[in-house]
Amino acid sequence: MSFVFYAWWDWRFLFLIIGSGLIDYLAGWMISARPVWRRTFLILSLAGNLGSLMIFKYSMFFAEVVEKVTAKFGFPIHLQDNIPEFALILPVGISFYTFQSMSYTIDIYRGRLKPVRNVFHFFAYLSMFPQLVAGPIIRARDLLGQLAERRISTGLEKWNGIKLIVYGLFQKTVLADNIGDLVNKAYHPAQLETGSSFWWWALIGFSFQIYCDFSGYSLMARGLAKFMGYHFKMNFNHPYLSTSFKMFWQRWHISLSTWFRDYVYIPLGGSKKGLWWGILVMLFTMVVSGVWHGAGMTFIIWGFLHGLYLMIERLTSWPKLMDKHVLGRMASTALVFLMAMLAWNYFRADSVEQATGIYQNMFSFHRAEPYFQKYINAFVFLWLAILIEIVYAVYKNSHQFRHMFRSLHLDVVTVSVSLIACLYLRGPAAEFIYFQF
Amino acid sequence: MKPGRKIASFVILSLVGVVLVTLFRPQRINSEFETSYFWTYKTHTYDTYDVLFYGDSRVYRGISPDVVLEGTDLSGFNFGFSSGSMSAQMMDFLETRLDRSVQPMIVLGITPHSFTLESLKDEHYLQELNRPPYAVFQRYYIDRWLKVFDRITPEELLGYRDWVTHEWCGSDGWMMSDNDNVDEFGALDHYEKILTNNPIDSANYQAFFDRIAKWNTEGIKVFAYRPPTTPEMEELENDKTGFDEQAFILRFEKCGGKWLNLDKSEYRTYDGSHLRENEVIRLSEEINLLMGIE
């Protein structure tokens, strides 16, 4: 069923996921069976996965960079025109399933996992349709055990699955897609607005659009899995309520940040080889994380900015100072959101020039032409998204609120209202942002 | 409450909610499902018509074939697209939609932008043309029946209808659009930007006249007019593109076409580019008179 789901997009790339999966399945066995050659087979597995990423995701970017560099030195070469056509198509989900596959072979290499016997279980793990195209990135040791047992979901799991699916659909179709109308028009090349307040709202809008879009998809993936009796870990945990960037990255795209922590940051030494080595490794990890998101300078800068935020945090420990008082924690939350929001500009912009132009508009304090009426739909849903986060923060911190919610079974009402909202308040149709990865 | 009961309660509550919303929803400003069918039909239909109307948004929003052809036995359809160009691709497309059995006619809405390089990309038409087959099937056969699930926007809920452009899809290919918040200079900045570094493509311009001459020899009557906008918009378009309307008319008529000379000062737009609904009706009636159709 997962293969049918994937082939629906483009059946030709089914062979890619099967091919790279087979390499890793066999590599897993060879790592376990031939300890002397384990490093070689691990390298083979990594080369296969990273190689396919390089070809399909980064070939154009590297060709562009090489062309620019060689042109600067006076011997121009033309690489972009020579890239084969098939390499220009980005297979859906490639960034996710290659990372998932690499974690399998790396964990076997580290002795944390035994290779799976049943090849169908392996491919079920690799290509499980709820999370295949946009995550979360599931660790083999979390899912393979579940796949080995016959799963019959309980009534409670079905209900929780339905809730997650509907809430996810609400976040994506009602919040993200409606807010996206403002953001897409703001970042369109024909956009003429130069007023500061407009751009501040556009960036706040994108911050919530990307959060709701991606969190919504993750919730739906988890809900579908739960409905079938499988458990995926949480991938987003209200990151905009974080009081530090360390906390932000423990709450944002958790499956990816933990993947980079376990397979890049820690193997390079992490914080165990001294403060400055730890900071250097952290910067490197965040830059690589930026590159994972996209083949472009804007993504690299975005990753670097977050590395910088983490570096400043580690050096100054400012969140600990502000944590002592509730007003301090509120100020931390606002500051973390502000800095994350400013970094999102690079993530969304088509080029460094566009991002720079937007910052100039934001900090020019030009008066904007009236725009509220034009984007009222988007603003209503943006404020709703902000309100939902505030209500969640209250819910989390109030025992009475939680008790009342549970005792009155208000989840039935909230899920029903969310579903009706999905039917009637959905935004203009838009693809999932993270489908581009 | 047991999970089974929660699921049952959720289903019942949701159904009740859907019924209530369907019964008490505010009046639509536009219909998403009708719009998707509208564009899919325009692009993918095999139906042919005696009279075709074509051009960019000033045509698809700005002329009603039903009004133009009222009282005649002729069938007509508005095949205008957003930024519809006068490219060979679109001219070929028109030829496939023309019924040549009676008296075939083509009416073109001429704007300078429709001859520019950017317009020649035909992005809107190609977007519709290149939709996957299942999407075309869904939009063509299913979407019409899903109008009950049209989106409800905060504007509709809050009653803020005045500044929103209302749109309604006509069965003759005309998309009726209007906005009570009239701003006849509203579109100027946008056109200033899109016409900058976007010249008229001379090769395509020449090919256009060759096509008109070819249609003339094939017995197709070709009419053209410049959709009314504002004097400021016309001046901007002419300056930016170098478009010479008089030279165009001379050349067009030399190729066998008939130019429809409108009194453009009589018409009002809602945004400086697109006519108000009642103005479209008036324009369509005038086009009927100028074409001399009986």
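Model, not experiment: these values are computed from the prediction.

1. Digging into the sheet that holds strand E7 (residues 258-259) of chain B
All names here are of chain B. Reading across from one edge, E2-E1-E3-E6-E7 is the order of the 5 strands in this open sheet, with parallel pairing throughout. Taken across any chain shown, the strands that pair with only one partner, and hence form the sheet edges, are strand E2 (76-78) and E7. As paired strands, strand E3 (residues 105-109) and strand E6 (residues 221-225) are joined by 5 bridges and run parallel to one another. By the bridge assignment for E6, isoleucine 106 is matched with valine 222. Running over the sheet, helix H10 (residues 202-217) touches E3 and E6 and is turned about 155 degrees from E3.

2. Section: the state of the cysteines
Here is the idea: a disulfide is a covalent bond, and it sits between the sulfur atoms of two cysteines. Residue and element names in this part refer to chain A. Under the counting rule described, the total for this entry stands at 0 disulfides over all chains. The thiol sulfur of cysteine 422 is not disulfide-bonded, and the nearest other cysteine sulfur, from cysteine 212, lies at 12 Å. For cysteine 422, a relative accessible area of 7% gives the class buried.

3. Considerations on the pattern of salt bridges
Oppositely charged side chains can form a pair if their charged atoms are brought close together. Under the counting rule described, the total for this entry stands at 31 salt bridges over all chains. When the shortest N-O distance is used, the salt bridge between A:Arg426 and B:Glu32 registers 2.7 Å. With one member in each of two chains, A:Arg426 in the segment after helix H19 (410-424) and B:Glu32 in helix H2 (residues 32-44) form a pair that bridges those chains. Residue A:Arg426 is classed as buried on the basis of its relative accessible area, which comes to 14%. The partly exposed category is assigned to B:Glu32, whose relative accessible area is 28%. Between B:Asp150 and B:Arg28 there is a salt bridge, with its nearest N and O atoms 2.9 Å apart.

4. What about the interface of chain B and chain A?
Between chain B and chain A, the contact holds 32 residues from the first and 31 residues from the second. Around 2600 Å² of area is buried between chain B and chain A when both sides are counted, 69% of it from carbon and sulfur atoms. Interface area lost by chain B to chain A is led by B:Lys6, B:Phe10 and B:Arg151, which between them contribute 24%. On inspection of chain B and its partner chain A, the count reaches 2 salt bridges. Inspection of the chain B/chain A interface yields 8 residue pairs in polar contact (both at pLDDT 80 or more). Breaking the side of chain B that touches chain A down by element, the ones donating at least two residues are helix H1 (3-24), H2, helix H8 (154-158) and helix H9 (188-195) of chain B.

5. Re the packing of H10(B) against helix H12 (residues 245-254) of chain B
All names here are of chain B. For the pair H10 and H12, interaxial distance at closest approach is 9 Å and the crossing angle is 35 degrees. Counting all contacts with H10, which are made through Tyr205, Gln206, Phe208, Phe209 and Ile212, the residues of H12 involved are Phe248, Arg251 and Phe252. Looking at side-chain class alone, the contact of H10 with H12 contains 6 nonpolar, 1 polar and 1 charged residues.

6. Section: the pairing of strand E1 (residues 51-54) of chain B
Residues and elements named next belong to chain B. Side chains Val51 and Phe53 of E1 all project onto a buried face; the interleaved residues Leu52 and Tyr54 project onto the opposite face, where all are buried too. Where E1 lies against E2, 3 bridges are found, and the strand directions are parallel. If you follow leucine 52 over to E2, its bridge partner there is phenylalanine 77. Examined bridge by bridge, E1 and E3 share 4 bridges and lie parallel to one another. The residue bridging phenylalanine 53 from the neighbouring strand is valine 107, located in E3.

7. A closer look at the nonpolar core
In summary, soluble globular proteins display a tendency toward joint burial of nonpolar side chains. With 111 residues, the main nonpolar core has A:Phe99, A:Tyr104, A:Tyr125, A:Phe208, A:Tyr240 and A:Trp252 as its most contacted residues. A total of 13 residues in this core trace back to one element, the largest contributor, which is helix H9 (residues 196-227) of chain A. Core analysis: the second largest hydrophobic core is formed by 40 residues, B:Tyr41, B:Ile249, B:Phe252 and B:Trp259 among them.

8. As for the packing of aromatic side chains
Scanning the entire structure with this criterion turns up 78 aromatic pairs over all chains. A:Lys158 extends its terminal NZ or CZ atom over the ring of A:Phe227, reaching a point 5.7 Å from the ring centre.

9. Here's the deal with the confidence of the model for chain A
On average, residues of chain A score 87 in pLDDT, and 95% of them reach the 70 mark or higher. Mean pLDDT values for the elements of chain A range from 72 in helix H1 (residues 2-7) of chain A up to 96 in helix H10 (residues 245-251) of chain A.

10. A few points about the environment of B:Asp50
All names here are of chain B. Looking at the element boundaries, aspartate 50 is found in the loop between H2 and E1. By relative accessible area, aspartate 50 is classed as buried at 6%. In contact with aspartate 50, other than residues within four places in its own chain, are Asp73, Leu74, Ser75, Leu98, Asp99, Val102, Gln103, Pro104 and Met105. Polar side-chain contacts of aspartate 50 include one of 2.9 Å to the backbone nitrogen of serine 75.

11. Quick look at helix H4 (residues 94-109) of chain A
Residue and element names in this part refer to chain A. A rise of 1.5 Å per residue sets the reference length of H4, with its 16 residues, at 22 Å; its end C-alpha atoms lie 22 Å apart and thus fit the reference within 8%. Most of H4 sits out of view: 16 of its 16 residues are buried. Looking one or two places after H4, you find glycine 111, whose phi comes out positive at around 80 degrees.

12. A few points about a nonpolar patch on the surface
All names here are of chain B. A surface patch of nonpolar side chains, amounting to about 630 Å² of accessible area, comprises Ile12, Val16, Val19, Leu20, Leu23 and Phe24. Looking at where valine 19 falls in the secondary structure, it is placed in helix H1. Assessed through its relative accessible area of 47%, valine 19 is described here as partly exposed.

13. Here's the deal with the confidence of the model for chain B
Summarising the model, chain B shows a mean pLDDT of 92, and 99% of its residues fall at 70 or more. For this predicted complex, the interface confidence score (ipTM) comes to 0.80, while the overall pTM stands at 0.80.

14. Thoughts on helix H7 (residues 140-148) of chain A
Residues and elements named next belong to chain A. The set of residues buried in H7 consists of Ala140, Leu143, Leu144, Gln146 and Leu147. Along the axis of H7, the buried residues cluster in a sector spanning 165 degrees; they form a single face. Looking at the buried side of H7, the elements it contacts are H4 and helix H5 (119-127).

15. Focus: the side chain of B:Glu237
All names here are of chain B. Along the chain, glutamate 237 falls in helix H11 (residues 231-241). We classify glutamate 237 as buried; its relative accessible area is 1%. A distance of 3.1 Å separates a polar atom in the side chain of glutamate 237 from a polar atom in the side chain of arginine 226. Every residue in contact with glutamate 237, bar those within four places of it in the chain, is listed here: Arg58, Pro112, Tyr191, Leu195, Arg226 and Gly242.

16. Structural notes on unusual backbone geometry
Residue and element names in this part refer to chain A. The phi dihedral of histidine 253 is positive, around 40 degrees, even though this residue is not glycine. Within the secondary structure, histidine 253 sits in the loop between H10 and helix H11 (254-265). Positive phi, close to 60 degrees, is recorded for phenylalanine 365, a residue that is not glycine. Locating phenylalanine 365 in the fold gives a position in the loop between helix H16 (352-362) and helix H17 (376-397). By relative accessible area, phenylalanine 365 is classed as exposed at 66%.

Criteria and thresholds
- Residues numbered from 1 in each chain as written.
- Chains lettered and ligands numbered in written order.
- Predicted model: local features only at pLDDT ≥ 70, side-chain atom pairs only at ≥ 80, totals over all residues.
- Heavy atoms only, no water.
- Pairing = 2+ DSSP bridges.
- Helix = DSSP H or I, 4+ residues; strand = E, 2+ residues; numbered from the N terminus.
- Contact = heavy atoms within 4.5 Å.
- Axes fitted to C-alpha atoms, helices over the stretch in contact; angles between N-to-C directions.
- Disulfide = S-S within 2.5 Å.
- Buried < 20%, exposed > 50% of the residue type's maximum accessible area, 1.4 Å probe, protein only.
- Salt bridge = Lys/Arg side-chain N within 4 Å of Asp/Glu carboxyl O.
- Buried area = accessible area lost by both parts, 1.4 Å probe.
- Polar contact = N/O pair within 3.5 Å; in protein donor to acceptor, adjacent residues only side chain to side chain.
- Nonpolar A, V, L, I, M, F, W, Y, C, P; charged D, E, K, R; others polar.
- Core = buried A, V, L, I, M, F, W, Y, C linked by side-chain atoms within 4.5 Å.
- Phe/Tyr/Trp six-rings, centres within 6.5 Å; stacked < 30°, edge-to-face > 60°.
- Lys NZ or Arg CZ within 6 Å of the ring centre and 35° of its normal.
- pLDDT = per-residue confidence, 0-100.
- Expected span 1.5 Å × (residues − 1).
- Patch = residues over 30% accessible without salt bridge, like charges linked within 9 Å, V, L, I, M, F, W, Y side chains within 5 Å.
- Areas by Shrake-Rupley, 256 points an atom, 1.4 Å probe, with all protein chains shown as cover.
- Arc of directions from axis to C-beta.

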